[in-house]
Amino acid sequence: MAKANKVLFITQEITPYVSETEMSLVGRNLPQAIQERGREIRTFMPKWGNINERRNQLHEVIRLSGMNLIIDDTDHPLIIKVASIQSARMQVYFIDNDDYFQNRLQITDENGEEYEDNDARTIFYARGVLETVKKLRWCPDIIHCHGWMTALAPLYIKKAYKDEPSFRNAKVVFSLYGDDFKQPFHADYPSKLMLKGIAKKDVAALKEPIDYNTLCKLAINFSDGVIQQSPQVDESLLEYARQNGKPVLDYCAPETFSDACNEFYDKVWEAEQ
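First, a word on scope: everything that follows refers to the structure included in this document.

Rules of the game
Residues numbered from 1 in each chain as written. Predicted model: local features only at pLDDT ≥ 70, side-chain atom pairs only at ≥ 80, totals over all residues. Heavy atoms only, no water. Buried < 20%, exposed > 50% of the residue type's maximum accessible area, 1.4 Å probe, protein only. Helix = DSSP H or I, 4+ residues; strand = E, 2+ residues; numbered from the N terminus. Pairing = 2+ DSSP bridges. Phe/Tyr/Trp six-rings, centres within 6.5 Å; stacked < 30°, edge-to-face > 60°. Salt bridge = Lys/Arg side-chain N within 4 Å of Asp/Glu carboxyl O. Contact = heavy atoms within 4.5 Å. Axes fitted to C-alpha atoms, helices over the stretch in contact; angles between N-to-C directions. Parallel < 35°, antiparallel > 145°, perpendicular 65-115°, else oblique. Left-handed = near helix turned anticlockwise from the far one by under 90°. Nonpolar A, V, L, I, M, F, W, Y, C, P; charged D, E, K, R; others polar.

Another point: the pairing of strand E4 (residues 68-71). What you see with E4 is a clean split: Leu69 and Ile71 sit on the buried side and Asn68 and Ile70 on the side with no burial. With antiparallel pairing between neighbouring strands as the criterion, E4 and strand E5 (residues 74-77) make up a hairpin whose turn holds two residues, including aspartate 72 at a positive phi of roughly 55°.

The following block contains the structure:
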């Protein structure tokens, strides 16, 4: 069987750009570990407003920036930045936009209130990553999504971008964390996220309230494998994945996870090839 040699990481958090959390440590350490095991990687995260661009030496990639993404009938310029983690020999691409990320914190504002447009931010982020990978003319074999901010990527890859050379043969893995959000998304979320190639039946699972579990189920529907990334994950989501015939990698201790994940990529890649 052909080995899945190229892995795209679409991640919500990576340390040292944001503070250390379970997710940001996985975002930092897993791509390096996979690269050290002989695979080619690319890594993306949002350019949250609390990231210090000067200290972390971010710079804009002009040839990748400049596209406008239309969300809810409004143009939003896509800005791509890049930085390097020298010790890991790893580049990180950042998706930026003045409205959604530049002057904003991560999921909540300074008062701990979740941003009203977090739903639109998920749309912009997922589309921004996929449009940038297209421009890079890079064709990942495995696309590994981390965190609910990435939950639309599986849908877009399998439906709206399925005929693009960069994604035509890709398999998608979605990692479940314990990082839920409290404020349900707006009722018009299903209509806002629509793109050519997506049918209403594809997003029929997004029934109100559009909460964390509902969003994760949508991601599971269009993923080829699911990983329990946190010790405590809603068991109903894991059961939902199993009932829908998705391979599931159960929680692994951090010291064994990289090897288990590396093997899981090949298991997902080889299924129904």
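All right, on to the packing of aromatic side chains then. Scanning all chains against the criterion turns up eleven aromatic pairs. Judged by centre distance (5.4 Å) and plane angle (55°), the rings of tyrosine 100 and phenylalanine 124 are tilted. With tyrosine 100 in helix H2 (residues 98-102) and phenylalanine 124 in helix H3 (residues 118-136), this residue pair connects regions lying 24 residues apart in the sequence. With respect to burial, tyrosine 100 and phenylalanine 124 carry one shared label: buried. Summarising the aromatic geometry, the rings of phenylalanine 181 and tyrosine 212 are spaced 6.2 Å apart at their centres and angled 80° between planes, so their arrangement reads as edge-to-face. Taken as a pair, phenylalanine 181 in the loop between strand E9 (171-176) and helix H5 (189-192) and tyrosine 212 in helix H6 (residues 212-221) lie far apart in primary sequence, 31 residues in all.

We now examine the pattern of salt bridges. Opposite charge on two side chains lets them pair, provided their charged atoms get close. With the rule as written, the count across this model stands at 17 salt bridges. Its salt-bridge partner being aspartate 117, residue arginine 104 comes within 2.5 Å of it at the nearest N-O pair. Taken together, the residues span a long stretch of sequence, with arginine 104 in the loop between H2 and H3 and aspartate 117 in the loop between H2 and H3 at a distance of 13 residues. Each of the salt bridges in this network shares a partner with another, and the network as a whole consists of Lys47, Glu53, Lys81 and Asp96.

Further remarks concern the pairing of strand E6 (residues 79-85). Of all seven residues in E6, six are buried; the element is thus mostly enclosed. Judged from the two bridges that link them, strand E3 (residues 59-60) and E6 form a sheet pairing that is antiparallel. Counted as the bridge partner of histidine 59 is valine 82 from E6. Pairing of E6 with strand E7 (residues 90-96), which is carried by seven bridges, proceeds in the antiparallel orientation. Paired with lysine 81 across the bridge in E7 is phenylalanine 94.

Sheet architecture is open: nine strands sit in the order E3-E6-E7-E2-E1-E8-E9-E10-E11, paired in mixed fashion. Edge positions in the open sheet fall to E3 and strand E11 (248-249), since each of these has one partner strand only. Across the sheet, helix H1 (residues 22-36) is in contact with strand E1 (6-11), strand E2 (40-46), E6, E7 and strand E8 (142-146); its angle to E1 comes to roughly 170°. Helix H8 (residues 254-270) rests against E1, E8, E9, strand E10 (225-228) and E11 of the sheet, and its axis sits at about 165° to E10.

Before going further, it helps to spend a moment on the packing of H3 against helix H4 (residues 153-160). One can describe the packing of H3 onto H4 by two numbers: an axis separation of 9 Å at closest approach and a directional angle of 50°. Between H3 and H4, the interaxial angle falls into the category oblique. Considering only the axes of H3 and H4, their crossing is right-handed. Between H3 and H4, the contacting residues are Ile123, Ala126, Arg127 and Leu130 on the first element and Ala153, Tyr156 and Ile157 on the second. Considered class by class, the residues forming the contact of H3 with H4 number six nonpolar, no polar and one charged.

A word on unusual backbone geometry. Each neighbour pair has its own omega, and for threonine 15 with proline 16 the value is 15°, a cis peptide bond. The residue proline 16 is located in the loop between E1 and H1 in this model. Going from glutamate 208 to proline 209, the amide bond is cis rather than trans, its omega being -5°. Position of proline 209 relative to the elements: it lies in the loop between H5 and H6. With a phi close to 55°, glutamine 57 is a non-glycine residue in the positive phi region. Of note, glutamine 57 is situated in the loop between E2 and E3. In this model, arginine 89 sits at a positive phi of 50°, which is unusual for a non-glycine residue.

Between two packed helices, the angle of one axis relative to the other and the distance separating the axes together describe the packing. It is at 10 Å that the axes of H1 and H8 come closest, and there the two elements cross at 60°. Crossing of H1 over H8 shows right-handed handedness. Packed against H1, whose contacting residues are Val26, Leu30, Ala33 and Ile34, the element H8 presents Phe257, Ser258, Cys261, Asn262 and Tyr265 at the interface. Of the residues that constitute the contact of H1 with H8, the class distribution is seven nonpolar, two polar and no charged.

Turning our attention to H4. For the α-helix, the turn length of 3.6 residues means that residues three or four positions removed from each other point alike. Residues of H4 that are buried include every one of Ala153, Pro154, Leu155, Tyr156 and Ile157, and no others. Turning to H4, the residues buried within the fold contact E1, H3, E8, E9 and H6.

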